[in-house]
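# Structure assessment
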Amino acid sequence: MGRVMALDVGDVRIGIAVSDLMGIIANPLETYTRKGNLDADARYIAELAKSKEVSLFVSGLPLGLNGQENEQTAKTREFIDKLQEVCDIPVQYLDERFTTLSAERVLIEGNVRRENRKKVIDKVAATIILQNYLDRKR
């Protein structure tokens, strides 16, 4: 079994987290700043996953508060579809409602300054998505 990589896909940044080999603990990896080119972004994530020996992607799925899909959901699915064109690692979606809010709370409680929170919030959100997934699998 390889690692699981979580993605918090946004318009500007993608938060990335990866599990340990045992699939127990989620670790923040990086916040990737998108290049404005879907192919380049997908190739970067695919290469990163290959280097980390990832066997599964978990992508946050940004649903509306009512649980319905919206414009951001479509953008996330578009990115994941492109990612699937450049690598054969399977993807599972996980409802990501409130993960960014939870990440913000964690950072505030950790006394992270406002200007520094923006740099790390996406990878913290990806870590929360991944830990939720790993906890459900146990």
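Heads up: the structure comes first, above all this text.
Since this is a predicted model, take the numbers as computed values, not measurements.

What counts and what doesn't
Residues numbered from 1 in each chain as written. Predicted model: local features only at pLDDT ≥ 70, side-chain atom pairs only at ≥ 80, totals over all residues. Heavy atoms only, no water. Helix = DSSP H or I, 4+ residues; strand = E, 2+ residues; numbered from the N terminus. Rg over C-alpha atoms; globule rule 2.2 N^0.38 Å. Buried < 20%, exposed > 50% of the residue type's maximum accessible area, 1.4 Å probe, protein only. Contact = heavy atoms within 4.5 Å. Areas by Shrake-Rupley, 256 points an atom, 1.4 Å probe, with all protein chains shown as cover. Salt bridge = Lys/Arg side-chain N within 4 Å of Asp/Glu carboxyl O. Core = buried A, V, L, I, M, F, W, Y, C linked by side-chain atoms within 4.5 Å.

### Quick look at the overall build of the protein
Counting its regular elements, the protein contains four helices and five strands. For 138 residues, the compact-globule estimate of 2.2 N^0.38 gives 14 Å, and the protein sits close to it at 14 Å. Projecting the C-alpha coordinates of the protein onto the three principal axes gives extents of approximately 40 × 35 × 30 Å. Burial status across the protein gives 45% buried among its 138 residues. For the protein, the share of sequence-separated contacts (at least 6 apart) that also reach a separation of at least 24 residues comes to 63%. Total accessible area on the protein stands at roughly 7700 Å², and carbon and sulfur atoms take up 50% of it.

### With respect to the side chain of S19
Following the sequence through the fold, S19 ends up in strand β2 (residues 13–19). Note on S19: relative accessible area 0%, which makes it buried. Aside from chain neighbours lying at most four places away, what touches S19 is R3, V4, I25, A26, N27, L130 and L134.

### Considerations on the environment of L21
Among the secondary structure elements, L21 is positioned in the loop between β2 and β3 (26–33). Given the relative accessible area of 47%, L21 is considered partly exposed. Between the C-alpha atom of L21 and that of K52, which follows or precedes it by 31 residues, the distance is 9.9 Å.

### Things to note about the pattern of salt bridges
The tally for this structure, following the rule as stated, stands at nine salt bridges. One salt bridge connects R77 with E69, and the closest N-O pair in it is separated by 2.7 Å. On the basis of relative accessibility, which here comes to 28%, the residue R77 falls in the partly exposed class. Classification of E69 by relative accessible area gives partly exposed; the value is 46%. Between K82 and E85 there is a salt bridge, with the nearest N and O atoms lying 3.0 Å from each other.

### Observations concerning the nonpolar core
Membership of the largest hydrophobic core comes to 20 residues, with the highest contact counts inside it found for L7, F57, F79 and L83. The element best represented in this core is helix α1 (residues 38–51), accounting for five residues. Residues contacting F79, with those up to four places away along its chain left out, are L7, V9, I14, R34, L38, D41, A42 and I45. Ranked by size, the runner-up nonpolar core spans 12 residues in total, among them A17, L94, L130 and L134.

Note that all results are geometric; they support no functional claim without further evidence.
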